[in-house]
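Survey of secondary and tertiary structure
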Amino acid sequence: MPELKELVEDTYAEGFRSIYGEILITARDDRWLKHCVHAVTGHASSTILCDCEAGVAQWIDAESAAAGATPDGRPGAVVQFHVPRFRKDREEHLGKVMLARISQNVLTCPTAACFNRLDTDPYFKLGRKVALFGDRHQFRDVRHGHKGWVVPILGGEFFLSRRFGFRDGVMGGNLWFLGSSVDIALDAAERAAIAAEETPGVITTFPGGVAASGSKAGSSYDFLIAATYAEFCPTLRDKLGEKSKVPEGVASIMEIIVNGQDLESIENATRAAILAAAQTPGLTRITAGNYGGRLGKSLVYLHKLIA
């Protein structure tokens with residue numbers, strides 16, 4: 001196996017600023033918590049064509065919850081919702097995203113409750129809006145030390161916080177894993193995604209935390225804002241000839257994307273991901289995607305992390 005500095009390319013991942021909201025979902029047990037989380041983070045892998053990028057920043061098991069890690073003592077999950085800061089309507093858009101996902105995917109999930117995690121000003125008055133579903137039977141209350149709204153529903157009651165904060169974050173941290181086979185590249189990416197997801201304050205957004213279809217900004221079609229990164233597609237190496245950037249012997253490139261509360265969190269997750277993936281037998285190279293600083297200014301230098 002190559003030495004770490006030989007395995008990791010001396011380059012950087014190019015992230016960009018976001019604003020994000022963060023909520024805590026609790027439920028009766030792990031089964032219903034996972035159902036809720038899968039729903040509320042659905043279709044939220046890439047800002048290219050999704051309304052946001054969402055994922056789980058922390059899972060809280062029943063033992064930790066009973067010890068006080070959640071307000072109501074039930075299993076929980078901390079979920080982040082990110083939208084790019086370069087959107088002119090970023091705050092309005094994030095508010096709509098959170099309203100839609102909480103009302104359609106948390107309110108509807110049996111036994112679920114929803115708590116705000118960011119005490120900021122300004123904030124979104126989402127509790128009142130979601131509570132309108134109560135058809136004038138909703139009411140304010142304090143539950144488990146949190147001010148919120150109670151909505152009568154067929155399943156009993158749904159509780160959510162009154163206010164939901166938001167703040168600046170970072171999107172687009174990434175790593176690429178080059179392997180001589182799909183299995184090797186995917187094994188490395190899986191190891192990396194697990195390590196990143198265990199890092200506080202960050203989320204991964206693609207299925208299983210891994211993207212098989214890394215993209216570049218722009219397209220040969222005027223109506224598309226992104227397209228497959230042809231120069232890094234292994235099956236196009238012969239067709240592109242000298243334009244191909246795929247090293248000889250590489251048959252697959254898998255990617256992970258990491259969003260988080262700040263650049264330090266992204267760096268911590270990236271370091272953990274590199275160290276985990278480096279243990280993959282047969283892995284050819286670990287690198288990252290960037291556009292020369294044109295996309296964003298939140299740069300994560302790989303060699304600096306492993307120095």
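Residues numbered from 1 in each chain as written. Predicted model: local features only at pLDDT ≥ 70, side-chain atom pairs only at ≥ 80, totals over all residues. Heavy atoms only, no water.

Right, let's talk about unusual backbone geometry for a bit. With omega at 15 degrees, the peptide bond leading from Asp121 into Pro122 counts as cis. Mapped onto the secondary structure, Pro122 falls in the loop between strand E4 (113-116) and strand E5 (123-124). Phi angles above zero are rare outside glycine, and His43 is one such case at about 45 degrees. Tracing the backbone through its elements, the reader meets His43 in the loop between helix H2 (30-40) and strand E2 (53-60). Looking at His43, the relative accessible area reads 60%, which means it is exposed. Here the phi dihedral of Thr111 falls at roughly 75 degrees; this positive angle occurs in a residue that is not glycine. The residue Thr111 is located in the loop between helix H4 (90-106) and E4 in this model. (Helix = DSSP H or I, 4+ residues; strand = E, 2+ residues; numbered from the N terminus. Buried < 20%, exposed > 50% of the residue type's maximum accessible area, 1.4 Å probe, protein only.)

Counting buried positions over the 15 residues of strand E1 (residues 12-26) gives 14, a clear majority of the element. Both E1 and strand E9 (residues 164-179) contribute to a ladder of 6 bridges, which runs antiparallel. Its bridge partner being in E9, Gly21 is matched across the sheet by Phe166. As paired strands, E1 and strand E3 (residues 76-84) are joined by 9 bridges and run antiparallel to one another. In the strand pairing of E3, Ser18 is matched with Pro84. (Pairing = 2+ DSSP bridges.)

With that settled, the discussion passes to a nonpolar patch on the surface. Nonpolar side chains collect at one region of the surface, where Ile48, Leu49 and Ile225 lie side by side and expose about 330 Å² of accessible area between them. When you line up the elements, Ile48 lands in the loop between H2 and E2. (Patch = residues over 30% accessible without salt bridge, like charges linked within 9 Å, V, L, I, M, F, W, Y side chains within 5 Å. Areas by Shrake-Rupley, 256 points an atom, 1.4 Å probe, with all protein chains shown as cover. Salt bridge = Lys/Arg side-chain N within 4 Å of Asp/Glu carboxyl O.)

The domain architecture assigned to the protein chain consists of domain 1 (2-14 + 170-304) and domain 2 (18-167). A separation of 30 Å is found between the C-alpha centroids of domain 1 and domain 2. Domain 1 puts 16 residues into the contact, and the matching count from domain 2 is 16 residues. Approximately 1200 Å² of surface area, both sides summed, lies buried where domain 1 meets domain 2, with 60% of it carried by carbon and sulfur atoms. Three residues, Met171, Ile203 and Thr205, lead the burial of domain 1 against domain 2; their summed loss comes to 43% of the area buried on that side. Counting the contacts that link domain 1 with domain 2 gives 0 salt bridges. (Domains from an automatic or database assignment. Contact = heavy atoms within 4.5 Å. Buried area = accessible area lost by both parts, 1.4 Å probe.)

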